[in-house]
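One-letter residues, chain by chain:
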Amino acid sequence: ALSPLPLNTGVTGPDTGYIQWISLSDTNPRPASVVFSINNRRAFVANRGTGSVSMINTDLSQEFTSTPIAARWLQQVAVHAIAADPDGRRIYVAGDGVVGVLHAHTMELLNTLELPAYGSAQTNPQGIAVSPDGRWLLLSEATPGGRISIVDTDDDYGIADTLMMPAGSTPRGVAVSPDNQHAYIALSGSVNEVRVYDLLAGIELSPIDIGESPIAIAVTPDARRIFVTNGPADTVHSHDLSSGLTQIFDLGPAVYPNALAITPDGARVLVANDSNSNYVIDMFSLIGNNTVS
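Since the structure is predicted, the reported quantities are computational estimates derived from the model, not experimental observations.

Visitor: Talk me through the pattern of salt bridges; I want residue IDs and the actual numbers.
Guide: Considering all chains together, one arrives at eight salt bridges under this definition. Among the ionic pairs, Asp87 bridges to Arg89, the shortest N-O distance being 2.5 Å. For Asp87, a relative accessible area of 40% gives the class partly exposed. Residue Glu204 pairs with Arg195 through a salt bridge whose shortest N-O separation is 3.3 Å. Judged by relative accessible area, which is 14%, Arg195 ranks as buried. Through salt bridges with shared partners, one network takes in Arg135, Asp152 and Asp154.

In structure tokens:
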């Protein structure tokens, strides 16, 4: 069949701009990460400067409330990463050695999970992901030889499994497949690969060799591909989980892609980087293109 539109194999940048500024009530909040509710009517912002989470009414473009996250002895925690429970009940925010569990509607702080990163200069945990059924919370400790903690939210947030990474290799981004079967962990350092964990069986599967220093990772809505940023190589890898083939998108020199997300319809991949710009990869450009193993 003929395509009604030409296929574009290039990587482009979207038009820039904003609709409205939203002021936060805290002084010097330093917003570090944002996640949206399942109905997109609320946004939750992790404020690194004040150790709080702001809930924003997206219809009114106004902050509704802000809740501080505190660890033992009520110490303020510099939060930096955030994730939402898929069923809209909980918000998880990662800070220095702690994860806060918030009620998504009242913003009440329900629980704090203390996960010290032994010997790490990073503020950990770094990577955070929730399984589609809401049961598993995955946290990565971004330090050489660090660990992945798999938390069972149905068992009073107990740690169900801990995956130790090889010495000299740092776990970074984590993602869970939409079919709720596999977790993917970007690992860089002495070993550069994507680790695969079977959530149903509770075991590690064969890793995926996917370039230099994997950082961020995302799974397509159909669970057929993973996208991985390779910061030092200035590339994004698209790996077909069925065929085992990988396609490489070269973003040009000195870009250092470090974060990405896939739109809910699976049509585009949005890539953030250190060059003060964003890139958009058109998923339809993958059709019929040559791949490299």
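Visitor: Which residues make up the environment of Ile128, and what are the values?
Guide: Mapped onto the secondary structure, Ile128 falls in strand β10 (residues 128-130). As for Ile128 and Ala84, which are separated by 44 residues in sequence, their C-alpha atoms are 9.9 Å apart.

Visitor: Account for the side chain of Asp85, naming residues and giving values.
Guide: You can see Asp85 is positioned in the loop between β6 (81-84) and β7 (90-94). The charged side chain of Asp85 is buried without a salt bridge, its nearest counter-charge being Arg89 at 4.1 Å. Within the local environment of Asp85, its side chain forms a polar contact with the backbone nitrogen of Asp87, the two atoms lying 3.0 Å apart.

Visitor: If you had to explain the nonpolar core to someone new, which residues and values would you point to?
Guide: Core analysis: the biggest nonpolar cluster contains 15 residues, and Phe44, Val53, Ile82 and Val93 have the highest contact counts within it. Elements represented by at least two residues in this core include exactly β3 (42-47), β4 (52-57), β7 and β8 (98-103). Val53 has contacts with Phe44, Val45, Asn47, Thr65, Ser66, Thr67, Ile69, Ile82, Val93, Leu102 and Met107, leaving out every residue within four places of it along the chain.

Visitor: So what about the sheet that holds β4? Which residues, and what values?
Guide: The four strands lie next to each other as β2-β3-β4-β5, forming an open sheet whose pairing is antiparallel. Both outer strands of the open sheet, β2 (31-36) and β5 (62-68), are each paired with one neighbouring strand and no more. Taking the axes of each pair of neighbouring strands and ignoring which way they run, one obtains an average angle of 25° across the sheet. The sheet contact formed by β2 and β3 spans five bridges and is antiparallel.

What counts and how
- Residues numbered from 1 in each chain as written.
- Predicted model: local features only at pLDDT ≥ 70, side-chain atom pairs only at ≥ 80, totals over all residues.
- Heavy atoms only, no water.
- Salt bridge = Lys/Arg side-chain N within 4 Å of Asp/Glu carboxyl O.
- Buried < 20%, exposed > 50% of the residue type's maximum accessible area, 1.4 Å probe, protein only.
- Helix = DSSP H or I, 4+ residues; strand = E, 2+ residues; numbered from the N terminus.
- Lys, Arg positive; Asp, Glu negative; His and termini not counted.
- Polar contact = N/O pair within 3.5 Å; in protein donor to acceptor, adjacent residues only side chain to side chain.
- Core = buried A, V, L, I, M, F, W, Y, C linked by side-chain atoms within 4.5 Å.
- Contact = heavy atoms within 4.5 Å.
- Pairing = 2+ DSSP bridges.
- Axes fitted to C-alpha atoms, helices over the stretch in contact; angles between N-to-C directions.

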